[in-house]
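Fold and geometry: a report
So you can see what is in the structure, the chains are spelled out below.
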Amino acid sequence: MQIIDRSKVVFKDYSPNQILLLPPSLEEMIDPNHPVRIVNQVIDSLDLDLLIKKYKGGGCSSYHPRLLLKLLVYGYLTNQYSSRKIEQSAKLNIHFMWLSAMSYPDHNTINRFRSDRLKGVLKEVFSQVVLLLVDSGVITLKEAYLDGTKIEANANRYTFVWGRSIIKSKERIKKQLDELWSYAESLAREELENNEPIDFEKIDQESVIKTIESIDKALKNKNIDKKVKQKLNYARKNWPESLKKYEQQEKTLGKRNSYSKTDPDATFMRMKEDHMLNGQLKPGYNWQISTENQYILGYTIHQTTNDTTTLVSHMESLKECLGKMPDTLVADAGYGSEENYEYLENNNVEAFVKYQYFHKEQSKKWRTDPCRIENLPYDKKSDSYTCPMGQQMDFIREKIKITDNGFRQTKRLYQANNCEGCPMRGACNKARGNRVIEINKRLDHYKSIIRERLTSERGRKYRSQRPVDVEAVFGIIKGNKNYRKFLLRGLEKVEIEVGLLALSHNLSKLAARN
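Residues numbered from 1 in each chain as written. Predicted model: local features only at pLDDT ≥ 70, side-chain atom pairs only at ≥ 80, totals over all residues. Heavy atoms only, no water.

**Structural notes on the layout of surface pockets**
As a reminder, the rule being used: Every definition here rests on a 1 Å grid over the protein atoms only: cavities are sets of points where a 1.4 Å probe fits but cannot get out, pockets are open sets enclosed by protein on both sides within 12 Å along at least five of seven lines, and lining residues have some atom within 4 Å of a point. Grid points are joined across faces, edges and corners, and a volume is the space filled by probe spheres set on the points. Secondary structure counts use DSSP, requiring at least four H or I residues in a row for a helix and at least two E residues in a row for a strand, with both numbered from the N terminus. Following the grouping adopted for this structure description, the nonpolar residues are Ala, Val, Leu, Ile, Met, Phe, Trp, Tyr, Cys and Pro, the charged ones are Asp, Glu, Lys and Arg, and the polar ones are all others, Gly among them.
Space inside the largest pocket adds up to approximately 1200 Å³. Around the largest pocket, the lining is made up of 36 residues, and of these Q356, K411, N440, L443 and K447 lie nearest the centre. Elements with a contribution of two residues or more to the lining of the largest pocket: α14 (338-346), β11 (392-402), β12 (408-416), β13 (436-439) and α17 (441-454). When residues of the lining of the largest pocket are assigned to their parent elements, the largest contribution, five residues, is made by α17. Looking at the lining of the largest pocket residue by residue, the class counts come to 11 nonpolar, 10 polar and 15 charged. Here the second largest pocket is characterised by a volume of approximately 620 Å³.

**Some thoughts on the nonpolar core**
How we decide: By nonpolar core is meant a set of buried Ala, Val, Leu, Ile, Met, Phe, Trp, Tyr and Cys residues that side-chain atoms within 4.5 Å join together. Residue burial is assigned from relative accessible area. The probe radius is 1.4 Å, only protein chains are included, and a residue is buried under 20% of its type maximum, exposed over 50%, and partly exposed in between.
Judged by nonpolar contacts, the single largest core of 93 residues is most densely connected at L69, L118, L122, W287, M315, L329 and L344. With 20 residues, the next largest nonpolar core counts V208, I212, L232 and L253 among its residues.

**Looking at helix α4 (residues 65-77)**
Rules: For a helix, the expected span equals 1.5 Å multiplied by the number of residues minus one.
With 13 residues, α4 extends 18 Å from end C-alpha to end C-alpha; this agrees with the ideal 18 Å at 1.5 Å per step. Across the 13 residues of α4, 13 count as buried, placing the element largely inside the fold. Count one or two residues on from α4 and you reach N79, which has phi positive near 65°.

**Some points on the sheet that holds β12**
Quick reminder of the rule: In this scheme, strands are said to pair when DSSP sees at least two bridges between them.
What the five strands build is an open sheet, ordered β9-β10-β11-β12-β13; its pairing is antiparallel. One side of each edge strand has no neighbouring strand; the edge strands of this open sheet are β9 (378-379) and β13.

**Here we look at the environment of K168**
Note that K168 resides in helix α9 (residues 163-187). The exposure class of K168 is exposed, given its relative accessible area of 61%. The sequence separation of K168 and E361 amounts to 193 residues, and the corresponding C-alpha distance is 41 Å.

**Quick notes on the environment of N154**
What counts here: Note on contacts: a residue pair qualifies if any of its non-hydrogen atoms lie within 4.5 Å across the two residues. Within 3.5 Å is the distance limit for a polar contact, defined as a pair of N or O atoms, with the added protein rule that one can donate a hydrogen and the other accept it, and that residues adjacent in sequence qualify only through two side-chain atoms.
For N154, the location among the structural elements is in the loop between β1 (143-152) and β2 (160-162). With a relative accessible area of 24%, N154 lands in the partly exposed category. Residues in contact with N154, not counting those within four places in the same chain, are D263, K485, F486, L487, L488 and R489. In terms of polar contacts, N154 uses its side chain to reach the backbone carbonyl oxygen of L487, at 2.8 Å.

**A few points about unusual backbone geometry**
Phi at Q294 takes a positive value of approximately 70°, unusual for a residue other than glycine. In this structure, Q294 sits in the loop between β5 (281-292) and β6 (295-302). Here the phi dihedral of N482 falls at roughly 55°; this positive angle occurs in a residue that is not glycine. Overall, N482 belongs to the exposed group, its relative accessible area being 56%.

**Here's the deal with the pairing of strand β7 (residues 328-331)**
The alternating pattern of β7 places T328 and V330 and L329 and A331 on opposite faces, both of which are buried. As paired elements, β1 and β7 share three bridges and run parallel to each other. Pairing of Y145 across the sheet is with V330, part of β7. In the sheet, β7 pairs with strand β8 (residues 350-353) via four bridges, with the strands oriented parallel. Residue pairing across strands places V330 opposite F352, the latter belonging to β8.

**Some thoughts on the side chain of S504**
Checked against the element boundaries, S504 lands in helix α19 (residues 491-513). Of the polar contacts made by the side chain of S504, one reaches the backbone oxygen of L501; its length is 2.9 Å.

**A word on empty space enclosed by the protein**
Counting across every chain of the model gives three cavities of 30 Å³ or more. Taken together, 14 residues form the lining of the largest cavity, with C387, P388, C419, C422 and C428 sitting closest to its centre. For the lining of the largest cavity, the per-class residue count stands at nine nonpolar, three polar and two charged. Counted as a void, the second largest cavity has a volume near 40 Å³. Together, K123, F126, S127, L297, G298, Y299, S317, L318, C321 and L322 line the second largest cavity. Where the lining of the second largest cavity is concerned, the elements lending two or more residues are α8 (122-135), β6 and α13 (311-322). Sorting elements by how many residues they give to the lining of the second largest cavity places α13 first, with four residues. Here the residues of the lining of the second largest cavity are counted per class, giving six nonpolar, three polar and one charged.

**Quick word on the pattern of salt bridges**
Heads up, the rule is: Any carboxyl oxygen of Asp or Glu within 4 Å of a side-chain nitrogen of Lys or Arg constitutes a salt bridge here.
Per the stated rule, a full pass over the model turns up 20 salt bridges. The closest approach of N and O atoms between E350 and R458, which form a salt bridge, is 2.9 Å. With E350 in strand β8 and R458 in helix α18 (residues 457-480), this residue pair connects regions lying 108 residues apart in the sequence. Exposure remark for E350: the relative accessible area of 25% places this residue in the partly exposed category. Take R458: its relative accessible area is 38%, and that puts it in the partly exposed class. A salt bridge links R372 to E374; the shortest N-O distance between them is 3.7 Å. The exposure class assigned to R372 is partly exposed, which follows from its relative accessible area of 28%. Classification of E374 as partly exposed rests on a relative accessible area of 47%. Look at the salt bridges and you will find they share partners, linking D147, R466 and E471 into a network.

**Focus: α8**
Along its 14 residues, α8 runs 20 Å from first to last C-alpha, staying within 8% of the 20 Å computed at 1.5 Å per residue. Within α8 the residues assigned to the buried category are L122, K123, V125, F126, S127, Q128, V129, V130 and L133. Where α8 is buried, its residues touch α2 (35-44), α4, β6, α13 and α19. Following α8 by one or two positions, G137 has its phi on the positive side, about 85°.

Okay, here's the thing in structure tokens:
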């Protein structure tokens, strides 16, 4: 009987210096269902004429834009966002080598293509991919879930310009200039009588120079206080340049209240990622997306922190790119406003958009609180409300408010006749004087429609699906893909980055589905 020696170890054949008769094929080394094949197949089917027109021709031959687009999209799909890392992968990774057909563009070429060539073109490329998904039956464009997130900009957190600071600085200059003018009048009234009256409400570089010259001329050969002379010298030297700087800063600010000096397009926002746990503001952008079945239908980048003002421009972008708006829009309370409800109604989009306090008003405490405006009885005949103590609240005037988007809101104000000595004053009216309530009848009309939709069976389904659909996409991008800060600077370049993220996300989902 033969005894087998089980202690002997057997290794698989390993001959690294073995010469191959035929070179290995990259095609055979890549799995048939690998995501890189989806990237290659989809981008090959796209019409890139707009992108090709970006090339002027002449000079040295260029890498084909289809090749560079494939490298960038697959780079973002595999969490490689740096042009240097993509350059390295093109030489080391068989998937990148297969995509590029063994071409090796350097990081400068990749970055210039991303920053310059894709500008104004990528959104049209993305739209083609979305329409391909529609044609394949993956999505229908019948319903969309809208949400936004704030992502930090590639900018210094501690170099900023604040709108309020500019206003305060200009007010200080106005006040000190007024003091200098008053001092000059007290010493040389006759010399200043022939000058045009100075308006200190609106000051600019030219008016300040003119005013200081008038003061200098009037105080010439006069016995001036030493401190006033120092202030006048400082004003002559610094104020005109300061006002010129403030004017440029206000132009950069636009309607915003802040911007970063290292990326003037970035606005300071409060982020969820707060490493110092003190509510620190950071320069960033507000990224809005609409999704269906976790596929991104459209994206927009905004410089405002408020989601409410982004809905109209986002929906217009969807219409421009896809040729239509979704039949149904689902969003959280951050988008609930009279302006947005009216816009969606005018565009025949069924809105399942929550409004502020929607969940709170479902509670028993809210419904039984007699002091809440929503629970006050209204008499249509006399156009008046009745307070909890039975006192009539009459209409006094209308109040007009213009939103940041230029939308006109009309509110009706009603006031109680006499709140003095009322036993419910502490709970009902904490302000001085008689209680005044503001009623937006148009918004209340929309709220009643939205409330009925959201509490229906279909509405409850949409409400439960919204966080699963759109919020999950942000979770994938910021969590799984670890994308929490932009690499490029400027609004246009940041829009390119989110476009590549959205495009790679959709292709990743499609690959997983296949």
